[in-house]
Amino acid sequence: MRRATVTRKTAETDISVEINLDGTGMYDNQTGVGFFDHMLDQLARHALIDMTIRCAGDLHIDDHHTVEDVGIALGQALTQAVGDKRGIVRYGACLLPMDDALVRAALDLSARPYLVWKVDFPTPQIKTFDTELVREFFQAFSTHGGITLHVEALDGINSHHIAEAAFKAVARALRDALETDPRKADAIPSTKGML
Ligand SMILES: [Mn+2]
């Protein structure tokens, strides 16, 4: 089983992340930011990653440190759990509709972090959650997870749907990338011989 546990404590946040990449998408995510928990639940459920996250963050300031630092810790956990990437598919992509929203995600578990983010939100907030933090999460997650990640919203008029479609699209792409390639289960998926 590809599992990892990461704890990360700073003056701003105190985080624990437990994941199992070979799970069934069970989740228990409690960060103190309701909408963000809802998004992390989508990531777990649709990537079929078992995920338990706790964060005690400085929410009296705003949600920024909590969202960014959970992205860092979750990315670190992914890097640990995926190990040398032997036998995995490596690439994944998904075109995901959710009502009005349509989001495309394509990713490479390359160890070369790069984020292309073309997602505009029609509103600056979803309830009290700042929509600009969605990008902050994926920037941190892709950097520390070693992911080349492209996300583009092709359509959408509702911020909740656009954000949720983005998380689900990345989740589905991640699920495919993490699968074992049945024709090459014993090899690192690179002509370089390492990733
Ligand atoms: Mn929702």
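Just above, that's the structure.
Residues numbered from 1 in each chain as written. Predicted model: local features only at pLDDT ≥ 70, side-chain atom pairs only at ≥ 80, totals over all residues. Heavy atoms only, no water.

A. Structural detail: the overall build of the protein. Scanning the protein for helices and strands turns up four helices and ten strands. Relative to the globule expectation of 16 Å for 195 residues, the C-alpha radius of gyration of the protein, 16 Å, shows essentially globular dimensions. Its C-alpha atoms give the protein principal-axis dimensions of about 50 × 40 × 25 Å. Buried positions account for 51% of the 195 residues belonging to the protein. (Helix = DSSP H or I, 4+ residues; strand = E, 2+ residues; numbered from the N terminus. Rg over C-alpha atoms; globule rule 2.2 N^0.38 Å. Buried < 20%, exposed > 50% of the residue type's maximum accessible area, 1.4 Å probe, protein only.)

B. Broad picture of the pairing of strand S5 (residues 91-98). Only one face of S5 is buried: it carries Gly92, Cys94, Leu96 and Met98, and the other face, with Tyr91, Ala93, Leu95 and Pro97, is open. Pairing of S5 with strand S6 (residues 101-108), which is carried by eight bridges, proceeds in the antiparallel orientation. In the sheet register, Leu96 faces S6, and the bridge partner there is Val103. Counted between consecutive antiparallel strands, the loop separating S5 from S6 contains two residues, among which Asp99 sits at a positive phi close to 50 degrees. (Pairing = 2+ DSSP bridges.)

C. Spatial organisation of helix H3 (residues 132-145). With 14 residues, H3 extends 20 Å between its outermost C-alpha atoms, agreeing within 8% with the 20 Å of an ideal straight helix rising 1.5 Å per residue. Structurally, H3 contributes buried residues whose contacts are with helix H1 (34-47), helix H2 (64-82), strand S7 (114-118), strand S9 (129-130), strand S10 (148-155) and helix H4 (159-178). One or two residues past the end of H3 sits Gly146, with phi positive at roughly 65 degrees. (Expected span 1.5 Å × (residues − 1). Contact = heavy atoms within 4.5 Å.)

D. A look at the coordination of the manganese ion. Taken together, His38 (NE2), His160 (NE2) and Glu164 (OE) make up the full set of protein donors to the manganese ion, lying 2.0 to 2.3 Å away. If you list the donors of the manganese ion from N- to C-terminus, the spacing comes out as H-x121-H-x3-E. With a gap of 126 residues between them, His38 in helix H1 and Glu164 in helix H4 connect regions that are remote in the sequence. On the basis of relative accessible area, Glu164 is assigned to the buried category, the value being 5%. (Donors = N, O, S within 2.8 Å, 3.2 Å for Na, K, Ca; no water.)

E. Spatial organisation of the pattern of salt bridges. For the structure on display, the rule yields eight salt bridges. A salt bridge links Asp22 to Arg2, with the nearest nitrogen and oxygen atoms 2.9 Å apart. With a gap of 20 residues between them, Asp22 in the loop between strand S2 (13-20) and strand S3 (27-30) and Arg2 in the segment before strand S1 (3-9) connect regions that are remote in the sequence. On the accessibility criterion, Arg2 (18% relative accessible area) is buried. As a salt-bridge pair, Asp84 and Arg86 come within 3.6 Å of each other at their nearest N and O atoms. (Salt bridge = Lys/Arg side-chain N within 4 Å of Asp/Glu carboxyl O.)

F. Seen up close, the packing of aromatic side chains. Inspection of every chain in the model, using the stated rule, returns seven aromatic pairs. Taken together, the ring pairs connect Phe36, Trp117, Phe137, Phe138, Phe141 and Phe167 into an aromatic cluster. (Phe/Tyr/Trp six-rings, centres within 6.5 Å; stacked < 30°, edge-to-face > 60°.)

G. Looking closely at the pairing of S1. Strand direction decides the pairing type here: S1 and S2, joined by seven bridges, are antiparallel. Note that in S2 the partner of Val6 across the bridge is Val17. With antiparallel pairing between neighbouring strands as the criterion, S1 and S2 make up a hairpin whose turn holds three residues.

H. Up close: the packing of H1 against H4. Running from N to C, H1 and H4 point in directions that differ by 30 degrees, and their axes come no closer than 7 Å. In terms of orientation, H1 lies roughly parallel with respect to H4. Crossing geometry of H1 relative to H4 is assigned as right-handed. Contacts between H1 and H4 pair Phe35, His38, Met39, Gln42, Leu43, His46 and Ala47 from the former with His160, Ala163, Glu164, Phe167, Lys168, Val170, Ala171, Arg172 and Arg175 from the latter. Classifying every residue of the contact of H1 with H4 gives eight nonpolar, four polar and four charged. (Axes fitted to C-alpha atoms, helices over the stretch in contact; angles between N-to-C directions. Parallel < 35°, antiparallel > 145°, perpendicular 65-115°, else oblique. Left-handed = near helix turned anticlockwise from the far one by under 90°. Nonpolar A, V, L, I, M, F, W, Y, C, P; charged D, E, K, R; others polar.)

Structural measurements only, silent on function.
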